[in-house]
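Structural features, examined
Listed below, chain by chain, are the residues.
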2 protein chains.
Amino acid sequence: MFGLMQDRPLLISSIIEHAARHHGDSEIVSRTLEGPVHRYGYRDAHRRARQLANALTALGVQQGDRVATLAWNGYRHFELYFAVSGMGAVLHTINPRLFPEQIRWIAEHAQDRVLCFDACFLPLIEQLAPLLTSVQHFVVLADAVPESSKIKGLVAYEILLAAADSGFDWPQLDERTAASLCYTSGTTGNPKGVLYSHRSTLLHAYGIALPDTLNVSARDSVLPVVPMFHANAWGLAYAAPMVGAKLVLPGKDLDGASLHTLIEAEGVTVSAGVPTVWLGLLTHVARNGLSFSHMRRTVIGGAACPPAMLREFRDRHQCEVLHAWGMTETSPLGTGCTLKFKHLGLDQDTIEAVRLKQGRVPFGVDIKIVDDDGNELPWDGVRYGHLMVRGLWVIQRYFGADQDAVDADGWFATGDVATIDADGYLRITDRSKDVIKSGGEWISSVDLENLAMAYPQVREAACIGWPHPKWDERPLLVVVARDGELDKAGLLAFLAGQVAKWWVPDDVVVLDELPHTATGKLQKTRLRELLAGYRLPGT
Amino acid sequence: MFGLMQDRPLLISSIIEHAARHHGDSEIVSRTLEGPVHRYGYRDAHRRARQLANALTALGVQQGDRVATLAWNGYRHFELYFAVSGMGAVLHTINPRLFPEQIRWIAEHAQDRVLCFDACFLPLIEQLAPLLTSVQHFVVLADAVPESSKIKGLVAYEILLAAADSGFDWPQLDERTAASLCYTSGTTGNPKGVLYSHRSTLLHAYGIALPDTLNVSARDSVLPVVPMFHANAWGLAYAAPMVGAKLVLPGKDLDGASLHTLIEAEGVTVSAGVPTVWLGLLTHVARNGLSFSHMRRTVIGGAACPPAMLREFRDRHQCEVLHAWGMTETSPLGTGCTLKFKHLGLDQDTIEAVRLKQGRVPFGVDIKIVDDDGNELPWDGVRYGHLMVRGLWVIQRYFGADQDAVDADGWFATGDVATIDADGYLRITDRSKDVIKSGGEWISSVDLENLAMAYPQVREAACIGWPHPKWDERPLLVVVARDGELDKAGLLAFLAGQVAKWWVPDDVVVLDELPHTATGKLQKTRLRELLAGYRLPGT
């Protein structure tokens, strides 16, 4: 027997309709590439999204077609989000920081039909255009086509919109319809596409707006520093209009000074980004004796939040750090770190220890940790294992793949290693491929790297498992010295004071620099190649 | 093209599984009928719900069968919520305050197969049992069957559970499966059943937990004073375990002293109920010079919150009143009154005026107001019309009905009359059948009643439209005098100072008492019958 409630599909078009109708004058504020700030309300954004849907229809875009973007966070990008998915096509957000060859590979794999890009990427697109076999239309997100342009048939976004009617009835799609596509920037192999549905996107937006995750309301002014090409700005591009929050889009300048000016001018209450961005912001703020008038929360994900950063936000700025974990394959929110009733009234140190974990799942996501044989491990906050995730907004299969990315029970292997404590709080300790297996025990490369980087002479550190005849692997520490000087024995003694004896690396190798990917991730596979032929002492 | 995310059903069993796994020791605290407080965690509740599912299976309960409850808010009622819906049967919560004949009618209409009831309802059930033709099993929610019982085959809940295994795999149902059934206690005609689905229940739980509605988190201790037989305690019976909040269930004693003791003992942070209950609580608190240590929010629905109540909570207790509107047909949350970014920093009077409205819709619900011909009216906060609602957790059709309860576009006529302002805030001004239509203009009976009740000599007031040869209808005020004395001219002059001249009632009739339904609602149809033959002055 079925219930007798309304069976309406969960559609992305409903979000912008809701925002336009119930929060029509709530603002979207964008810093444009040209410099000035652009501001309008959700009602205007909805009107322009409908014009855009008509314009794309006129270009021949049909349901299921991929429309790609190469753009910073701004209002036109926001309009593309709702027009493309709303009309039943697939929004494909491409990371412009990738190498041109990777961008070409991704656009070809996705078979993008239209490519929309910020004017600053014109040189890049000119270089790529002849190689993009599926793209039929190039659209520059600007008032007019730059005179210098060499791209045949390039059209300007505003010219397209000006010619389009604002009447457009959003189709009542099946909620499982594909809505957007985002490729992971893996450290190995080709990128893989994650194809979100309308349903997964809406459930994720509900999930991240909850008080226990990002806690987004109509009283917030939300600044996603995280780009709209990184898993839909962590879902904030949907959650903000869903709840009618003011949305502040920072454009391309993410330096401390630019961000602080925007945060203060727009009364930003909550922001979201990776630790690197906040480091730049905090440095600028400290150097210039500045403060935050309204910003009381900041979401930190993408990498672990250093304790010093959490303390600086908390003690100097009364700003709560919301530590989060996720990945493109999880839409991206997997966990967020907020407290429970049982924590209220505990001392600051205990609370800080909780807050430095990556947090717990909202309803809709489940996690577990397993050993190498797939056996579930206990939640004691100590034992660590491979992190598995499943849920309403977790991947089933990569775009174009011929088999599922999950096991028979729906568990997706994240490639992370983690502990989970009795209250369900996750702590990421390593990547599965980087964890060091010594004599059957696991050693966290991340923990050793973090400790090593606290040693004054160390600028950057990587810890990798190196072959050992007796122990299978032993930790090898590879560092870049801060001023060319490094006292290896002193560094090892420093570590020995803080970890179990068998965790202390067998050796330290000093390099001038460490290899990184285009997005700044440490490339340990490349590092292993660079060290080919090295042998641990005594082996 | 479909997305490639996991397509998992939205099931009520997932809520209790999530709560048990991620908030296993978060407490459910119940004041029992026997007196003592019972406490355990979500992990225990899940184990007992699985035992109950096995026990009900052993009784022959199958998917789609209705299992009825007549019970106050308590842990066994909570277990029934998850066991019955979780196993694919339908939880039918009956309001024990209805007249016995109404209860019989409802149970027969629903064709309930099992009836579970609190021991305090034994006399009622003994009276009804012979008349309930579909009920095969009667279960008393107690350790043992009372010796005095005259019901054949009556079994005790705890005996059933003790015999049942705790291993039970929740079936992976279609999310549109019926989960629970609740009858409206209409003021006219037979009650009508609203049949919620797993999907509508889960989406509603996400919706009410949002910061802009009831704002429920794992840091809350939630006290639903609103009964679990009133639209699932306004959804809190699902939202609390969904977010891992502590849940405090007050049993049958809802007087001020009982509630205050429980609120303080259990660190309640947020409560929910109707104005009458809060009046009792505030009176007790004021008389005894008490306060609230942790309660910072209270949700008021079911009837409009009097301004004085909002002020007393705010000024004496630093407790925010969350005004809400909804009905059984809307699961029930339609709107909740929280502020927007634009309101921050405004003066207290302006904010109070907003807070006294019933609020705005969360994403998932839409509203409009229409005139008698169905034309949508503007959102100016002044014009009022029939309130229509539609959305993800709004009714499509009543249980057993052969046609939809909504129009072709999904709009459900609420029977309320309301204004909506430019920011989407709803203000209920009347019931559609009670609004007074005088010379083509509408007059709010509720507004006139509220004003009249502020007149010192008036204890209760009802305002109805009475036939008039020229104006079609004119307002007639019917009052109960506080001490037998009433100065009619003084009352009319008092009103004339506060409303437009044509709103002033044509006459005042004094009665000893006004007719009410079993649930305490004013019965204006009965009032009209009592006044049969009355004519307005000059007609």
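Residues numbered from 1 in each chain as written. Chains lettered and ligands numbered in written order. Predicted model: local features only at pLDDT ≥ 70, side-chain atom pairs only at ≥ 80, totals over all residues. Heavy atoms only, no water.

1. So, the interface of chain B and chain A
One frequent convention defines the size of an interface as the accessible area lost when the parts assemble. Facing 85 residues of chain B, the contacting portion of chain A comprises 85 residues. Taken over both partners, the interface formed by chain B and chain A buries close to 6,800 Å², and the fraction arising from carbon and sulfur atoms is 59%. Ranking the residues of chain B by area buried against chain A places Met5(B), Gln6(B) and Phe363(B) at the top, with a combined share of 14%. At the boundary of chain B with chain A, the tally comes to twelve salt bridges. Linking Glu175(A) and Arg199(B) is a salt bridge whose minimum nitrogen-to-oxygen distance equals 2.8 Å. Of all elements in the fold, only helix H1 (12–22), strand E9 (192–197), helix H7 (198–209), helix H9 (236–243), strand E16 (365–370) and strand E17 (385–391) of chain B reach the threshold of two or more residues within the side of chain B that touches chain A. Its residues assigned to classes, the side of chain B that touches chain A shows 39 nonpolar, 21 polar and 25 charged. (Contact = heavy atoms within 4.5 Å. Buried area = accessible area lost by both parts, 1.4 Å probe. Salt bridge = Lys/Arg side-chain N within 4 Å of Asp/Glu carboxyl O. Helix = DSSP H or I, 4+ residues; strand = E, 2+ residues; numbered from the N terminus. Nonpolar A, V, L, I, M, F, W, Y, C, P; charged D, E, K, R; others polar.)

2. Considerations on the sheet that holds strand E8 (residues 178–184) of chain B
Residues and elements named next belong to chain B. Sheet architecture is open: seven strands sit in the order E7-E6-E5-E3-E4-E8-E9, paired in mixed fashion. The strands lining the two open edges of the sheet, one partner per strand, are strand E7 (155–156) and E9. Bridge analysis of E8 against E9 gives six bridges, and the strand direction is antiparallel. Among the inter-strand pairings, Ser180 is bridged to a residue of E9, identified as Tyr196. (Pairing = 2+ DSSP bridges.)

3. Points about the packing of helix H11 (residues 275–287) of chain A against helix H12 (residues 307–317) of chain A
Each packed pair of helices is defined by two parameters, the angle between the axes and the distance between the axes. Residue and element names in this part refer to chain A. Running from N to C, H11 and H12 point in directions that differ by 40°, and their axes come no closer than 11 Å. It follows from the interaxial angle that H11 and H12 lie oblique. The element H11 and its partner H12 pack so that their crossing is left-handed. Contact residues: H11 offers Pro275, Trp278, Leu279, Leu282, Val285 and Ala286, while H12 offers Met309, Glu312, Phe313, Arg316 and His317. (Axes fitted to C-alpha atoms, helices over the stretch in contact; angles between N-to-C directions. Parallel < 35°, antiparallel > 145°, perpendicular 65-115°, else oblique. Left-handed = near helix turned anticlockwise from the far one by under 90°.)

4. Points about the domain arrangement of chain A
Residues and elements named next belong to chain A. Segmentation of chain A into domains returns domain 1 (12–202), domain 2 (364–433) and domain 3 (435–530). A C-alpha centroid distance of 42 Å is found between domain 1 and domain 3. Facing eight residues of domain 1, the contacting portion of domain 3 comprises seven residues. Between domain 1 and domain 3, the buried area comes to about 490 Å², and carbon and sulfur atoms account for 64% of it. Joining domain 1 to domain 3, the criterion identifies zero salt bridges. Here domain 1 is connected to domain 3 by zero residue pairs in polar contact (both at pLDDT 80 or more). For the side of domain 1 that touches domain 3, the class distribution of residues is two nonpolar, five polar and one charged. (Domains from an automatic or database assignment. Polar contact = N/O pair within 3.5 Å; in protein donor to acceptor, adjacent residues only side chain to side chain.)

5. What to know about the nonpolar core
Among the nonpolar cores identified, the biggest contains 192 residues, and Phe78(A) and Phe78(B) are the most heavily contacted of them. In contact with Phe78(A), not counting residues within four places along its chain, are Ile16(A), Ile28(A), Tyr42(A), Ala45(A), Met228(A), Ala237(A), Pro241(A), Leu247(A) and Leu249(A). (Core = buried A, V, L, I, M, F, W, Y, C linked by side-chain atoms within 4.5 Å. Buried < 20%, exposed > 50% of the residue type's maximum accessible area, 1.4 Å probe, protein only.)

6. So, the environment of Asp447(B)
Residue and element names in this part refer to chain B. Relative to the elements of secondary structure, Asp447 occurs in helix H14 (residues 445–453). Here Asp447 falls in the buried class, since its relative accessible area comes to 18%. In sequence terms Asp447 and Ile428 are 19 residues apart; their C-alpha atoms lie 9.8 Å from each other. If we ignore the near neighbours within four places in the chain, the residues touching Asp447 are Arg427, Thr429 and Trp503.

7. Things to note about the pattern of salt bridges
This model, assessed by the stated rule, comprises 78 salt bridges over all chains. Note that Arg360(A) is salt-bridged to Asp212(A), the shortest N-O span being 2.9 Å. Of this pair, Arg360(A) sits in the loop between helix H13 (348–355) and strand E16 (365–370) while Asp212(A) sits in the loop between helix H7 (198–209) and strand E10 (221–224), and the two are 148 residues apart along the sequence. Accessibility assignment for this pair places Arg360(A) and Asp212(A) in one class, buried. Residues Asp372(B) and Lys437(B) are paired through a salt bridge, measuring 3.1 Å at the closest nitrogen-oxygen approach. Within this pair, whereas Asp372(B) is found in the loop between E16 and E17, its partner Lys437(B) is found in strand E20 (residues 436–438), the two being separated by 65 residues in sequence. Taking relative accessible area as the criterion, Asp372(B) reaches 47% and is therefore assigned partly exposed. Taking the relative accessible area as the measure of exposure, Lys437(B) reaches 24% and is therefore partly exposed. It is possible to trace a salt-bridge network through shared partners that takes in Asp7(A), Glu175(A), Arg199(A), Asp7(B), Glu175(B) and Arg199(B).

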